[in-house]
Amino acid sequence: MLLRFLAIGCCVTCLMLGSVMAVQAREMSPVAGAQVEPTLESFIDGHVKSLMDKGGVPGVTVSVVRDGEVALVKSYGVRNRETGLRVDPETTLFRIGSVTKLMTTMVILGLVDEGVLDLDSDINTYLKTIKIPDTFEGPVTLRHILTHMGGFKDTSSYLHRSSDSRTGMSSQEMQRMIGRVRPAGQLRAYDNTAFGILGIVISDVTGKPFRKAVAERIFKPLGMENSVIGLPAAWEERASRGHGISLRDPAGRPEVKQAHLARLVEAAGAASSTAADMAKFMKMLMNGGTYDGGRLLAPTTFQAMMDFEAHRAHPMVPSLGFTIYESDYEGRRAIGHGGLIDGFATELAIFPDARLGIFISSNVGPQSPPLNLNLILEELQVSPAVIASAGNAMAVSRSTVLELAKAYVPITEGWGKNNKPEKAHGSEPELFSGAIAGRYVTGGVDAGVTLATRLFLGGLGGQEFAAAGNGLSLGGQEMNRLASGYYGTADGSRTYAFKRIGKDIFQVSHPLGWGKKVSAFTGPLYT
């Protein structure tokens, strides 16, 4: 789940790195002119080990799928820095956080194929255990939730438990945690609670626990024998431990408590899996929803899941389908999902044009402890060295994907920095800098994350854009108008897109969350 960076300090011992196991590896041809090692395995080895050293990361697990086949399954380092137990790519479980949402989505869409669910019906039609309050006019639908427009208050930070056996919730407990902050369909905002509700929908219509439904509909057909929702006691011995960031020691990687997500939000981020199993999941996604001997989704349903144009907020920016979203890796288009959960950071990225997919997870990630005064004071004294070290540790997964893309994936024509502004001409109503200028915020304050941490991550006040002639400026950095509602720096390093919807103007650059232009007097609790 996309939880923000935070960790409690203590020192760590020396880390043991090195490759553990190459289950299968076959050569890939790098992009012409790229200076890389001759094989995929040696290329991944070099970059992963270097990034692990730089970030002080105990363990990493990775798999690559190329041209519909598994090209590499490998792991590095240790799953537990105290015991020194090595990571095994076939059997060591890593928490994959919000990558779970892709599995939840596949189950929902499978039930749509069966005629059990309808994407545009009120989800209260299907819910028996809980009900969505009628706070606003209009229903909440599956389509709203699958495109992060459900409008729920995100209460997921309240729903971490100390053990898997304590993750159960009564109907009454879940009902109390469900709050709506805006009408469905009004604003795109990343929403863990809404995806958790999909798990309740699945349970209510199938008559089975969400965990069992995923096991039967995803894990069993794909042969993912070492994957599970939650982390039952019987599976813990095979699981990697998660590690956080010391706020005092730049080299500190303290072990963190496992995040056991309560029933209301387990569908948003509770899966644990291995690199080998996730290769099977990627292979299915890259083969149109099919697997050896069957199909998880009907062709038209899978196409709808991958219909990024249907939800593109502006012609110049990345979009999302149902849950899966586009990312830009220095001009190379990828689709997939990331995952952050206490002590783990994961990326699943597929480059469709190159028929290349990579799953990578590291056992250093965020931690969300309860709010207290001592922690706030401690955070306010974080040194630049700790900040730099934290950035290096958290970047291992995404940086590996980027390096692989730069070496093996050609630039995507008309994408990212190579996008053609003329695509937006005539497709968007004219929106000038004077109308755009103002403060944009993305939503309410997340529970369970301290004020100091939010300030550390960029503040609560949002982004303040100022008109600068025909262009804009942000933090003193000038941006030119490139197309209607689209502005960027001269070197292309920063671009922003804006769109008027009704009476409001939104900053729509990111596929998972928009910023809304608000009054200068709007406080940080805006939702």
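Check the entry above for the structure.
Predicted model, so just to flag it, every value in this text is computed and none were measured.

A.B. asks: Explain the sheet that holds strand E18 (residues 477-483) to me, and be specific about the residues and the numbers.
C.D. replies: Strand order in the closed barrel made by the eight strands is E15-E16-E17-E18-E19-E20-E21-E22, with antiparallel pairing throughout. Going from strand to strand, the sheet's axes swing by 35° on average, the running direction of each strand aside. With four bridges joining them, strand E20 (residues 495-501) and strand E21 (residues 504-510) adopt antiparallel strand pairing. Note that in E21 the partner of Lys499 across the bridge is Phe506.

A.B. asks: Lay out the packing of helix H2 (residues 100-113) against helix H6 (residues 210-222) with the relevant residues and their values.
C.D. replies: In the contact formed by H2 and H6, the axes pass within 10 Å of each other and the chain directions differ by 80°. It follows from the interaxial angle that H2 and H6 lie roughly perpendicular. The residues of H6 that touch H2, namely those facing Met103, Thr104, Met106, Val107 and Leu111, are Phe210, Val214, Arg217, Ile218 and Phe219. Looking at the contact of H2 with H6, its residues break down into eight nonpolar, one polar and one charged.

A.B. asks: Provide a residue-level description of the packing of H2 against helix H5 (residues 192-206), including the pertinent values.
C.D. replies: Look at H2 against H5: their axes get within 10 Å of each other, and the N-to-C directions meet at 40°. In terms of axis orientation, H2 runs oblique to H5. Remark: the crossing between H2 and H5 carries left-handed chirality. Residue-level inspection shows Lys101, Thr104, Thr105, Val107, Ile108 and Leu111 of H2 in contact with H5, the latter providing Asn192, Phe195, Leu198, Val201, Ile202, Val205 and Thr206.

A.B. asks: So, the nonpolar core: which residues are in play, and what are the values?
C.D. replies: Formed by 78 residues in total, the largest nonpolar core has its most connected members in Ile218, Phe281 and Leu285. The greatest single-element share of this core, amounting to nine residues, is contributed by helix H8 (residues 275-286). Not counting chain neighbours up to four residues away, the residues in contact with Phe281 comprise Leu102, Met103, Met106, Ile218, Leu222, Met224 and Leu348. Membership of the second largest hydrophobic core comes to 33 residues, among which are Leu40, Val57, Val64 and Ala405.

A.B. asks: Report on the side chain of Thr323, specifying residues and quantitative values.
C.D. replies: Topologically, Thr323 is positioned in the loop between helix H9 (299-305) and strand E11 (325-328). By relative accessible area, Thr323 is classed as buried at 0%. Apart from residues lying up to four places away in sequence, Thr323 is in contact with Lys101, Leu102, Thr105, Leu146, Phe195 and His337.

A.B. asks: Describe H6, with residues and values.
C.D. replies: For H6, which comprises 13 residues, the first-to-last C-alpha distance of 17 Å matches the rise-based estimate of 18 Å (1.5 Å per residue) to within 8%. A maximum bend of about 35° is found in H6 at Glu216. Buried within H6 are the following residues: Phe210, Ala213, Val214, Ile218, Phe219 and Leu222. The elements touched by buried residues of H6 are H2, H5, strand E6 (228-229), helix H7 (266-269), H8 and strand E9 (290-291). Note on H6: the residue one or two positions beyond its end, Gly223, has a positive phi of about 70°.

A.B. asks: Residue-level account of unusual backbone geometry, with values.
C.D. replies: One non-glycine residue, Glu330, adopts positive backbone phi at about 50°. By the element assignment, Glu330 lies in the loop between E11 and strand E12 (333-341). The class of Glu330 is partly exposed, set by a relative accessible area of 44%. Non-glycine residue Arg355 carries a positive phi angle of around 50°. Examined against the element boundaries, Arg355 turns out to sit in the loop between strand E13 (344-351) and strand E14 (356-362).

The rules behind these values
- Residues numbered from 1 in each chain as written.
- Predicted model: local features only at pLDDT ≥ 70, side-chain atom pairs only at ≥ 80, totals over all residues.
- Heavy atoms only, no water.
- Pairing = 2+ DSSP bridges.
- Helix = DSSP H or I, 4+ residues; strand = E, 2+ residues; numbered from the N terminus.
- Axes fitted to C-alpha atoms, helices over the stretch in contact; angles between N-to-C directions.
- Parallel < 35°, antiparallel > 145°, perpendicular 65-115°, else oblique.
- Contact = heavy atoms within 4.5 Å.
- Nonpolar A, V, L, I, M, F, W, Y, C, P; charged D, E, K, R; others polar.
- Left-handed = near helix turned anticlockwise from the far one by under 90°.
- Core = buried A, V, L, I, M, F, W, Y, C linked by side-chain atoms within 4.5 Å.
- Buried < 20%, exposed > 50% of the residue type's maximum accessible area, 1.4 Å probe, protein only.
- Expected span 1.5 Å × (residues − 1).
- Bend = angle between axes of the 7 residues up to and from the residue.

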